[in-house]
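In case you want the letters, here they are:
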Amino acid sequence: MIDHFRCDVPSTARLAALVDAPLPLPTAAATRQLHRDLYLDTPDDALRMRGIVCRLRLVLHASPELSLHLAEPGASGAVARMRRVTSRVRSEDPVLAVRERSAVRRRLHALVDPTMLDLRMALEVERWTRVVVGGWFRRPAVELHFDKVTVRRVGVARSFQHLSVHRRHGDTATMGRLANAFEHDHGLHRVSADPRERADLLVKWSSPAPGATVEVPDARPSGGVAADEPSHTADAEFLNPDLSLIAFQARVLALAEDERTPLGERLRFIAIVAANLDEFYMVRIAGLKQSAREQMEEQADDGRTPAGRLTVIIARATALGRRQARCFRQCVAELARHGTRIRSWAELTEEQRTELASRFDDAILPALTPFAMTLSAGHPLPHFPHLSLSLAVALLGDDGEGPRFVELELPSGVPRFLPVGTTESGEVVPLEELVRANLHRVYPSARVEHAYLFRVTRGGNLGVASNGTGSLLDAVAAASQRRARNPAVRVEIERGMPTALRHAVLESLSREGQPDGHAIGDDDLQETEGFIDLRAAASLPLPDDPALTYAPFRGATPVAPDVPLVDAIGARDLLVHHPFDRFSATVVRFLREASRDPDVVAIKVTLYRVGDPSPVVRALLRAARRGVSVVAFVELQARFDEDSNVRWARKLEQAGGRVVYGLPGYKNHAKMALVVRREAGRLRSYAHVGTGNYNARSGRAYTDLSLFSADEAIVGDVGELFNALTGSSRPPRRLSHGALSSPHQLLPALLERIAREGGHARAGRPSGITIKVNGLSDGEVVRALYQAAQDGVAIDLIVRGICTLRVGIAGLSEGIRVVSVVGRFLEHSRVYRFANGGEPEYFLGSADLRPRNLRQRVELLVHVRAAAARAALDRMLALYIEDPTAWDLTASGEYEWRGGGWGEGGAAQEVLMDGAASTVAAIAPSPGGQRL
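Values in this document were obtained by computation on a predicted structure and should not be read as measured data. (Residues numbered from 1 in each chain as written. Predicted model: local features only at pLDDT ≥ 70, side-chain atom pairs only at ≥ 80, totals over all residues. Heavy atoms only, no water.)

Hey, could you run me through the packing of aromatic side chains in this one?
Ring pairs (aromatic) are described by centroid distance and by the angle formed between their planes. The tally for this structure, following the rule as stated, stands at 9 aromatic pairs. Here the aromatic rings of F280 and Y281 are separated by 6.2 Å at their centres, their planes lie at 85 degrees, and the arrangement is edge-to-face. Each member of the pair, F280 as well as Y281, carries the same accessibility label: buried. Plain terms: the ring middles of F553 and F825 are 6.1 Å apart, the flat faces sit at 55 degrees to each other, and that makes the pair tilted. Of this pair, F553 sits in the loop between strand 19 (525-528) and helix 16 (565-571) while F825 sits in the loop between strand 31 (816-820) and strand 32 (826-827), and the two are 272 residues apart along the sequence. The partly exposed category is assigned to F553, whose relative accessible area is 22%. Given a relative accessible area of 7%, F825 falls into the buried group. One aromatic cluster in this structure is built from F328, F417 and F531. (Phe/Tyr/Trp six-rings, centres within 6.5 Å; stacked < 30°, edge-to-face > 60°. Buried < 20%, exposed > 50% of the residue type's maximum accessible area, 1.4 Å probe, protein only. Helix = DSSP H or I, 4+ residues; strand = E, 2+ residues; numbered from the N terminus.)

Looking at this model, I keep getting lost on the pattern of salt bridges. Mind explaining?
Side-chain pairing between opposite charges can occur once the charged atoms of the two side chains come close. Throughout the structure, instances matching the rule amount to 47 salt bridges. When the shortest N-O distance is used, the salt bridge between E432 and R416 registers 2.9 Å. Taken together, the residues span a long stretch of sequence, with E432 in helix 12 (residues 431-437) and R416 in the loop between strand 14 (404-409) and strand 15 (417-419) at a distance of 16 residues. Between K772 and E827 there is a salt bridge, with its nearest N and O atoms 2.9 Å apart. Here E827 lies in strand 32 and K772 lies in strand 29 (residues 769-773), a separation of 55 residues in the sequence. Pair check on accessibility: K772 and E827 agree, each one buried. Salt bridges here are not isolated pairs; linked through shared partners, they connect D278, R455, R490, E492, D533 and R535. (Salt bridge = Lys/Arg side-chain N within 4 Å of Asp/Glu carboxyl O.)

Honestly, the sheet that holds strand 38 (residues 895-897) in this entry has me stumped. Any pointers?
Working definition: the strands of a sheet are paired by backbone hydrogen bonds and lie parallel or antiparallel to each other. Taken together, 9 strands build an open sheet; the order of strands is 28-36-34-33-29-30-31-37-38 and the sheet is mixed. For this open sheet the edge positions go to strand 28 (740-741) and strand 38, each flanked by a neighbour on one side alone. As paired strands, strand 33 (residues 831-834) and strand 34 (residues 841-845) are joined by 4 bridges and run antiparallel to one another. Bridging across to strand 34, V831 finds its partner in L844. Sheet strands in contact with helix 7 (residues 241-257) are strand 31, strand 37 (887-889) and strand 38, and its direction is about 15 degrees off that of strand 38. (Pairing = 2+ DSSP bridges. Contact = heavy atoms within 4.5 Å. Axes fitted to C-alpha atoms, helices over the stretch in contact; angles between N-to-C directions.)

Help me understand the packing of helix 22 (residues 746-762) against helix 23 (residues 779-790), please; the structure alone is not making it clear to me.
Helices that pack against each other are described as a pair by the angle of their axes relative to one another and the distance between those axes. Running from N to C, helix 22 and helix 23 point in directions that differ by 10 degrees, and their axes come no closer than 9 Å. Taken together, the axis directions place helix 22 and helix 23 in an arrangement best described as roughly parallel. Contacts between helix 22 and helix 23 involve L747, L751 and I754 from the first element and E780, V781, A784, L785 and A788 from the second. Partitioned by chemical class, the residues of the contact of helix 22 with helix 23 number 7 nonpolar, no polar and 1 charged. (Parallel < 35°, antiparallel > 145°, perpendicular 65-115°, else oblique. Nonpolar A, V, L, I, M, F, W, Y, C, P; charged D, E, K, R; others polar.)

Teacher, can you tell me more about helix 21 (residues 712-727) here?
Counting along an α-helix, one turn takes 3.6 residues, and residues three or four places apart therefore face a common direction. Between its first and last C-alpha, helix 21 extends 21 Å over 16 residues, near the 22 Å set by a 1.5 Å rise per residue. Along helix 21, the positions that sit buried rather than exposed are A713, I714, V715, D717, V718, G719, L721, F722, A724 and L725. Regarding helix 21, its N-cap is D711, as a side-chain oxygen of that residue lies 2.9 Å from the backbone nitrogen of A713 further along. (Expected span 1.5 Å × (residues − 1). Polar contact = N/O pair within 3.5 Å; in protein donor to acceptor, adjacent residues only side chain to side chain.)

In this structure, what is going on with the packing of helix 7 against helix 10 (residues 306-337)? I would like to understand it.
Where helix 7 meets helix 10, the closest approach of the two axes is 10 Å, and the angle between their N-to-C directions is 10 degrees. Overall, the two elements helix 7 and helix 10 adopt an arrangement that is roughly parallel. Contacts between helix 7 and helix 10 involve D242, L243, I246, Q249, A250, L253, A254, A256 and E257 from the first element and V312, I313, R316, A317, L320, R323, Q324, C327 and C331 from the second. Among the residues making up the contact of helix 7 with helix 10, the classes are represented as 12 nonpolar, 2 polar and 4 charged.

Pasting the structure below:
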């Protein structure tokens, strides 16, 4: 028989919602009451250790009430019966009240000496009460109390919320219906700890400075501010860059939400958005909170204060996360109809549980190491790893002690989804479900009261510490190892995690020491409904059904296999478009052939993100071991690729290559390679300039352009840039043959060309600007485009992601169109076209229009002169501008989808794929010919 149960409520917003929530039984209107509860005990907590509570309640306009509670626990930790003795007393002093003659005092004499009792805890309670009435006499059958409790001690104020339900005259069925409603309909969980015990735990984790008062807010309600708040204020000059980045993730998520997208690809897009949101917090949110230099430079004026900007950004990111979780649930339901089902532990048969428990004992239990979250001087607080899944566990011992908290990291080497029975069954169980259900094997001498999943996201800043005289290679390697200790910027928690556990996790993080004034707090908690870390969505097993994924695609081979690439390039410039032209058959082949060519005397290359394994680096290693002069500029500080780049740099050096690690104050982002051959007694160079990295994996998944050329102007500029990178500690001021490089030359050259188009428009000559980039957020460039539009220049911008330019503003940007294309492949190419009075100029290369690209990086744009290549670029740009699946940026700062779907014809990527499928090799065995 259940007379009483209590549930934790994670926030005041949830508590307020519960007060008005519909219940399966009729209730009277809620009433509000304020009171204070004063708890008494001996100095050694003799009553508490025996499960007894002595309390004095002070209520406005009522006599003080002294009570004695003796709880008798039942199954599952719930209180099966509550014996209570109450007495009205005169004194509001708890020490004097307990000494008055009363029924409570008489009972206390049988337990302890009442004169030994003293005030141990004072709680301030704001209570809303609802009463379930029943029977002929309409007597209260059940009382429901919704309490916000604040505890103050030694200058500390902490709050928590809970719901308590008491049976007065109703039957046990009534209690069962209410318990089911709160647990299943509202996601609450029962707790056995009484209010004093919970208050003690909260205070335990509070250590303010002497004399300070700390008010800790409740976990912020989901959403914070309206998710549809605009990306700017009405008179702002720019859109907010961070909201623009979130909007791009929303466009990617739209592919997952579109039921026309194959189900397996929908899950892949969900995983991509999850990984991108992780990086958004690691880089952008961390930068906003810690005022990182790179981020501050890109905070264009959107009309908000810094605090208001951060609030809106986090709210929009949180709303996107909820939308992503909803999409995942829809995909999981659809996946079940195809035969793959995610099972909870409760849904498994006893036989399945036994088999999984055996696997747990053999393959998981030995890898688990629990760490106590305790403030003991001899027991350091655990360090929560970056982006790892952990369980926060509350344990109750058999010795009557209160809860203790433990962190248990899930093993990283175990799949997130484990097959139930055979892999052919189609049923899987999440790793956290298996571990949570078998925690009694980890803690055989304690009872697990709670176990909730959480994950910590830490800032991604590298923080290289170098005095300029030591090895940059060693400094980057050391900094990469320190990144795991960066400050936390986000904590994802399962819905319903009790307040005490939340505070235990936050307190452990807050005691790590946060630089730059950043302190982790309740505002950094994200309560997640469903699965935490949806990067795992892509690992769900799919049935063997080709309709669930995109049809396999193999790009074209532009140069026949029996024609050496240098012969084809020597005949004329070769422009290729990845992945529609195979990366392995062009870029990788170029370097692989060079590594084996006996006439090659030197290979020079810039490496930013090469992947692991890397066929490009393998070719360079082969060449270096053969005695070819291999020079590699390895950008060690390519974010999140530092470890890989350090490893490749060392291997190249060991093989005999020459490696340059970086330029002080700049990153090298240029994508270029130079192969030097001995031909007929002279040296001839062949250049590759690309828009993407020398990474075979991204070469299959990203759309990028590669220009191969033996043109003296292009190879001259590439060689000149290499000489500056390897022979100087500073980037070049300019290149001599028409190519443009940053950080000194590119920005003024682009501004000059934009202004030149304005002059052509004013004079009535042909004008126009078409640019395809990944990002546009540089204030000077945006203002220059505004001015060109006012001069009458038609401007088409194909911007995949971040864009701070506002379109359609009268007198400012009426002639500017911004299009965003998302699809099967990630758009990554960068192309610039200026009409130039009828003599158009074309450039391609590595540079986006963001402050870091134009001012803090070495970038390269080369002038495309070949007529066939220029015609191919015109065709490509037109395909993207008219893509029926594209999104148009509107004057409101939002994006509108044109409504087309993949497979319905006309999508730029589909057209390019169809063209590749019909092409075997555009350059036949005799050199000549060319295609995009």
